[in-house]
Amino acid sequence: MMHGRAPGAPGAHDAARRALRGLVMAATVRIHRPDAGYALDEPGTFLGSGYFVAPSWVLTCAHVARGGEGDEVVVVYEPAPGRGMSAVSGHVAAALPEGAGPVPGSWPAPDLALVRLSEPVDHECVYLSERPAAYFGEGKVLYAGWTVVDGRLSMLDGTLTVQGTIGGWTTDVQMRLGDNDLPDGVSGGPVIDPERGEVIGVLKSRSDHARGGTSTGLEQLRTLPAPSGELKTEADDLYQAVVHAHDRYHRDRQRHPDARRHTWADVQGQLGARPGRTLSPDERVQLLGRLADLPPPASTRSLLDILDSLSDFEAPAPLPAPRGWRDGLGALYEYARDDGALYLVLDYAVHAMTADRPFLASSTPAAEEALWAGVRQAAQRLGPGRRTALVERRKARLEARRPTRVGDHPGTGANAGGPGGAATAQSSVLVEIVRRGWEPDRCDWSVFVVSADGEAKRLEEVQRVPLADLATHLSAPLKEAFRQCDTPGRPAVLQVATEHSLLALDVDEWRLGPEEERLGTQRPVVLRCSDRDQLTENGEYGEYSENGNYAEYGGQGAHGGRGDHGERGGAGGRRETGAVGAQSAAALNGDYRLDIDEERRARWRWLHAHPVTAAVLDCDDGLRKPVPPVEELRGLSHGTVPVLCRLDTQGREGDAEGLARLVRGGFGVALWRRRHGLPEAVCGEFHRGTLDQIAGPIGAHRLPEAVRDLRFKLRSGRPETFWAHGIALLYDDPHQPLPGTGDLLEAP
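Some details on the overall build of the protein chain
Right, on to step 1. Of the regular secondary structure elements, the protein chain holds 20 helices and 23 strands.
Right, on to step 2. Of the contacts made within the protein chain by residues no fewer than 6 positions apart, 68% connect residues no fewer than 24 positions apart.

Looking at helix α11 (residues 470–485)
Right, on to step 1. Helix length check: α11 (16 residues) gives 21 Å between terminal C-alpha atoms against 22 Å at 1.5 Å per residue, within 8%.
Right, on to step 2. Along its length, α11 reaches its greatest deviation from straightness, about 40°, at A476, and the proline P477 lies no more than four positions downstream.
Right, on to step 3. For α11, the set of buried residues is L470, L474, S475, P477, L478, E480, A481, F482, R483, Q484 and C485.
Right, on to step 4. Against α6 (300–309), β13 (428–436), β14 (439–450), β15 (456–466), β16 (494–498) and α12 (519–522) lie the buried residues of α11.

With respect to the packing of aromatic side chains
Right, on to step 1. Scanning all chains against the criterion turns up four aromatic pairs.
Right, on to step 2. With a centroid separation of 5.7 Å and 85° between ring planes, the pair formed by F52 and Y77 is classed as edge-to-face. In this pair, F52 is assigned in strand β2 (residues 46–54) and Y77 in strand β4 (residues 72–77), connecting sequence segments 25 residues apart. Of the two residues, F52 and Y77, both sit in the buried class.

A short note on the side chain of D327
Right, on to step 1. With respect to the secondary-structure elements, D327 resides in helix α7 (residues 325–333).
Right, on to step 2. In this structure the side chain of D327 is engaged in a polar contact, spanning 2.9 Å, whose partner is the backbone nitrogen of R323.
Right, on to step 3. If sequence neighbours within four positions are ignored, D327 has contacts with R222, Y239 and P322.

Section: the pairing of β15
Right, on to step 1. Where β14 meets β15, eight bridges bridge the pair, whose relative direction is antiparallel. Residue C443 lies in a different strand from β15, and its bridge partner there is V465.
Right, on to step 2. Linking β14 to β15, which pair antiparallel, is a turn of five residues; within it G454 sits at a positive phi near 95°.

Details of the pattern of salt bridges
As a working rule, side chains carrying opposite charge can pair if their charged atoms are close by.
Right, on to step 1. Applying the stated rule across the entire model yields 43 salt bridges.
Right, on to step 2. In this structure, the salt-bridge partner of R523 is D486, at a minimum N-O distance of 2.9 Å. One end of the pair, R523, is in the loop between α12 and β17 (525–529); the other, D486, is in the loop between α11 and β16, and 37 residues separate them in sequence.
Right, on to step 3. The class for R523 is buried, based on a relative accessible area of 2%.
Right, on to step 4. The salt bridge partner of R532 is D732, with a shortest N-O separation of 3.4 Å. With R532 in the loop between β17 and α13 (564–568) and D732 in the segment after β23 (727–731), this pair connects stretches of sequence that are 200 residues apart.

Section: α7
Right, on to step 1. The element α7 is largely enclosed, with a buried count of nine among its nine residues.
Right, on to step 2. Of the residues making up α7, those classed as buried are W325, R326, D327, G328, L329, G330, A331, L332 and Y333.
Right, on to step 3. Packed against the buried residues of α7 are α3 (238–255), α5 (281–293), α6 and α8 (341–353).

Focus: the confidence of the model for the protein chain
Right, on to step 1. For the protein chain, per-residue confidence averages 81 on the pLDDT scale, and 79% of positions sit at 70 or higher.
Right, on to step 2. For the protein chain, α13 is the element with the lowest average pLDDT, namely 33, and strand β3 (residues 57–60) is the one with the highest, namely 98.
Right, on to step 3. Long-range and interchain partners of residues 410–423, a stretch whose pLDDT sits below 50, account for 14 contacts in this model, where long-range means more than four residues apart.

Digging into the packing of helix α9 (residues 364–378) against helix α10 (residues 384–400)
Right, on to step 1. In the contact formed by α9 and α10, the axes pass within 11 Å of each other and the chain directions differ by 165°. In terms of orientation, α9 and α10 fall into the roughly antiparallel class. Crossing hand, α9 versus α10: right-handed. Two secondary-structure elements touch here, α9 through E369, W372 and V375 and α10 through L390, V391 and R394.

Structural notes on unusual backbone geometry
Right, on to step 1. A cis amide bond links L96 to the next residue, P97, at an omega of -5°.
Right, on to step 2. Considering the arrangement of structural elements, one finds P97 in the loop between β5 (86–96) and β6 (112–117).
Right, on to step 3. Note the cis peptide between A109 and P110, where omega equals 5°.
Right, on to step 4. With respect to the secondary-structure elements, P110 resides in the loop between β5 and β6.

A few points about the sheet that holds β3
Right, on to step 1. One closed barrel accounts for six strands, arranged β1-β2-β3-β6-β5-β4; its pairing is antiparallel. Taking each pair of neighbouring strands and ignoring which way they run, the sheet shows an average axis angle of 40°.
Right, on to step 2. Running over the sheet, α3 touches β2, β3, β5 and β6 and is turned about 70° from β2.

Some points on the pairing of β5
Right, on to step 1. Relative to β5, β4 runs antiparallel, the two sharing six bridges. Bridging across to β5, E72 finds its partner in H91.

Remarks on the side chain of R528
Right, on to step 1. Along the chain, R528 turns up in strand β17.
Right, on to step 2. Engagement of the side chain of R528 in a polar contact is seen with the backbone oxygen of Q736, the distance being 2.5 Å.

Notes on the packing of α3 against α5
Right, on to step 1. Between α3 and α5, whose axes approach to 8 Å, the crossing angle comes to 130°. Put simply, α3 runs oblique to α5. Classified by chirality, the crossing of α5 by α3 is left-handed. Along the contact surface, α3 presents H244, D247, R248, H250, R251, Q254 and R255, while α5 presents D282, V285, Q286, L288, G289, R290, L291, A292 and D293.
Right, on to step 2. Class assignment for the residues of the contact of α3 with α5 results in four nonpolar, five polar and seven charged.

Rules behind the numbers
- Residues numbered from 1 in each chain as written.
- Predicted model: local features only at pLDDT ≥ 70, side-chain atom pairs only at ≥ 80, totals over all residues.
- Heavy atoms only, no water.
- Helix = DSSP H or I, 4+ residues; strand = E, 2+ residues; numbered from the N terminus.
- Contact = heavy atoms within 4.5 Å.
- Expected span 1.5 Å × (residues − 1).
- Bend = angle between axes of the 7 residues up to and from the residue.
- Buried < 20%, exposed > 50% of the residue type's maximum accessible area, 1.4 Å probe, protein only.
- Phe/Tyr/Trp six-rings, centres within 6.5 Å; stacked < 30°, edge-to-face > 60°.
- Polar contact = N/O pair within 3.5 Å; in protein donor to acceptor, adjacent residues only side chain to side chain.
- Pairing = 2+ DSSP bridges.
- Salt bridge = Lys/Arg side-chain N within 4 Å of Asp/Glu carboxyl O.
- pLDDT = per-residue confidence, 0-100.
- Axes fitted to C-alpha atoms, helices over the stretch in contact; angles between N-to-C directions.
- Parallel < 35°, antiparallel > 145°, perpendicular 65-115°, else oblique.
- Left-handed = near helix turned anticlockwise from the far one by under 90°.
- Nonpolar A, V, L, I, M, F, W, Y, C, P; charged D, E, K, R; others polar.

Following this line, the structure appears as structure tokens:
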């Protein structure tokens, strides 16, 4: 057996290729301007090509769909061979990238658009591959589209050779195609894998200097915006609505085939396709159809967790991250072992049928039972041990599943959290920014996905990026990280870890696209200090000692010599309370670092279990004053959240030192406002606002969301929140070390 397909007779294979061509051409359409009227064959209104991907949905290029007037187009298609052309109006429901417009010479990738028909019509739909196009190796692909030949619109199809890829990051890759001419008009048409009989992409552009062009993989549709609120129906998420409709369409066509027409599964079977090396094309469309009867995954994160939990699946998830049930199935194909491929697919199906639901429709229980019946039937090909394992897996997961009733959605459950308590744990996104000491205007950065249990997985890292261009360079990897972590109605927290001198970086003001909200209003954005242990009291780095530790302020290393802390540590120099006082003996013996680390953890625990109070440290009745020294700060009660109202790291040298004192004083939670060189202003409202926002009977866990809410109201023009302009939150959990913390460093 070949990889993904079985051999067949040459004559039968040629007949299958001809049948595949017929299916492709039947679903390929023309896109016209909305003023086309009855002149369906008029080249002057022709914009480009597209194809039906689900009932009443057309996929094309954004530059084609947006090439007319506004978001209205006319779709011209042939309902059946020999029946002539028909037209139906359509509306551009989504375009990628969002808010993009034409740029000289090209349209920004991925250059995709979905067009929704204004009325139901009878038409064919292509079969969309669930495998990412990045898995397609060297070889030939088929294409189809419309163009103008001798003044008349004509259908065109042919073959192209895959010659590599274009794209600097894995979520934004295009396939390079050559060895054939691509005339004007074919953009938006389908690109087809001829061996497996499935559409893998959309023709994007043609080359100006050679034959061929580029195509965009279908997996880029996963980057369509996810709903910001709770998912209550399938229609609330455009991506899920379209791919579920696609999968149900092909399942239903296979169940009730027209004897005069081949189905896509029929042709795939004739080509010898073997999805995942274990399923027949018919088995695949039945499985995908049953999965599409279920509500979609609760989130991309929950789907990734399912894939991670499969015992026979050990591979990195493709990018963009899987979003729907079909995407998860496609991710299994490339990494399944031949002897365990069927069990892996069925185990995945059991996880899907027993997963937590974003909502529960009336048909969901029956859909779960139908999927289980299909799994049991297919499992007859397995040995008794694995059949038993599937039964036990289903039973255990059903018993552990959060109970949901018809009409329920996540925001109503006990696990949703709320104003009176902390929400359940959620994955977060971490950006680490490291300024290059010999190039202070440049930095290195990394983006991580941090799971709920604290495990960090790096998605991307880049070196020598200009600080001024950080938002642009981080846009694509941050979008991908958010897709992997966000849940409906609950965007993931963005942690930004950097040295203290960059804590004034206004990441919350960044936009990841021209029409996107600022990050700080879209989600909680919190700061972490990555050089805390390297700072002296005055905000400078300590001396690096021979044993690999930075000397503490006034001292000679973490474990050596007599320093300032040796004289001032202990009860004689500051007030000790509770567990912190028990650690003072360590300071007296010279182990100051152990003492301050324990104090940080003690403060964090207290702040998240007791009422908190705000203390403005750098301002007294409107007059600037220096931040107290570290020892005085350490004497503040554990329930204190420091507030700085005069911080201006770009305008005053002493302000950076004040920040350094805070982070060295054991505070993991602090709040300030960035002034960026602005003149002195009356600050009474800021004092009152922070006291009202921070003080209260609830612990510090609510502060990231409270600050996001303030930023949202501020951007909405609420005058009562104008005091919060430039507000920033340090929220640095000492129980979650940054990646690489504690690693030994070696000289280059």
